[in-house]
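A closer look at the structure
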Amino acid sequence: MFHFNSPGFMIEKFCKSLSWICIPLVLMLSCNEPSPKPKPKLVEIVHKPEDPNKNVNDNIASLIAFASGSKGNLNDDIKLNMLPVVKAWYLTRDSL
């Protein structure tokens, strides 16, 4: 049992008082809503919405050209095992 003037009692009383002040303060500060994030900018994927095939065709042609130069690898995850077949199929298409 501590006496009222003992250092242990004073430290214990100080810690309890400090916790009664700090805990509500921390809870109040943590409840603030963050500022709203700005909306992302609109990106024009296709110049004319009526003609998306031009962009798709350009993308396919560039991917096939890249895969041809890198032994069928488009990136770390995608590999075209039958690149000559894919290349021949897309070259016979009228849209390319």
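Cut-offs and rules
Residues numbered from 1 in each chain as written. Predicted model: local features only at pLDDT ≥ 70, side-chain atom pairs only at ≥ 80, totals over all residues. Heavy atoms only, no water. Helix = DSSP H or I, 4+ residues; strand = E, 2+ residues; numbered from the N terminus. Buried < 20%, exposed > 50% of the residue type's maximum accessible area, 1.4 Å probe, protein only. Contact = heavy atoms within 4.5 Å. Areas by Shrake-Rupley, 256 points an atom, 1.4 Å probe, with all protein chains shown as cover. pLDDT = per-residue confidence, 0-100. Expected span 1.5 Å × (residues − 1). Phe/Tyr/Trp six-rings, centres within 6.5 Å; stacked < 30°, edge-to-face > 60°. Axes fitted to C-alpha atoms, helices over the stretch in contact; angles between N-to-C directions. Parallel < 35°, antiparallel > 145°, perpendicular 65-115°, else oblique. Left-handed = near helix turned anticlockwise from the far one by under 90°. Nonpolar A, V, L, I, M, F, W, Y, C, P; charged D, E, K, R; others polar.

1. What about the overall build of the chain?
Of the regular secondary structure elements, the chain holds three helices and zero strands. When the elements of the chain are put in sequence order from the N terminus, they spell out α-α-α. In the chain, buried positions account for 8% of the 96 residues. Considering only contacts in the chain between residues 6 or more positions apart, those separated by 24 or more positions represent 15%. As displayed, the chain offers around 9300 Å² of accessible surface, 65% of which is attributable to carbon and sulfur atoms.

2. Re the confidence of the model for the chain
Here the chain averages 75 in pLDDT, while 69% of its residues score no lower than 70. No element of the chain has a lower mean pLDDT than helix 1 (residues 7-30), at 77, and none a higher one than helix 3 (residues 83-91), at 86.

3. Focus: helix 2 (residues 53-69)
Across its 17 residues, helix 2 extends 24 Å between first and last C-alpha, which sits within 8% of the 24 Å expected from 1.5 Å per residue. When we look at burial in helix 2, the residues that qualify are Asn 55, Asn 57, Ile 60, Ile 64 and Ala 67. Taken together, the buried residues of helix 2 touch helix 3. Following helix 2 by one or two positions, Lys 71 has its phi on the positive side, about 60 degrees.

4. Examining the packing of aromatic side chains
The tally for this structure, following the rule as stated, stands at one aromatic pair. Where Trp 89 meets Tyr 90, the ring centres are 4.9 Å apart and the plane angle is 85 degrees; that geometry is what we call edge-to-face. Judged by its relative accessible area of 45%, Trp 89 falls in the partly exposed class.

5. Section: the environment of Ser 68
Examined against the element boundaries, Ser 68 turns out to sit in helix 2. Sequence separation between Ser 68 and Pro 84 is 16 residues, and the spatial gap between their C-alpha atoms is 8.7 Å. With near-sequence residues (within four places) excluded, Ser 68 lies in contact with Leu 83 and Lys 87.

6. Points about the packing of helix 2 against helix 3
Packing of helix 2 against helix 3 leaves a shortest axis separation of 11 Å and a crossing angle of 150 degrees. On the basis of the axis angle, helix 2 is roughly antiparallel to helix 3. For the pair helix 2 and helix 3, the sense of crossing is left-handed. On helix 3, the residues touching Ile 60, Ile 64, Ala 67 and Ser 68 of helix 2 are Leu 83, Val 86, Lys 87 and Tyr 90. Its residues assigned to classes, the contact of helix 2 with helix 3 shows six nonpolar, one polar and one charged.

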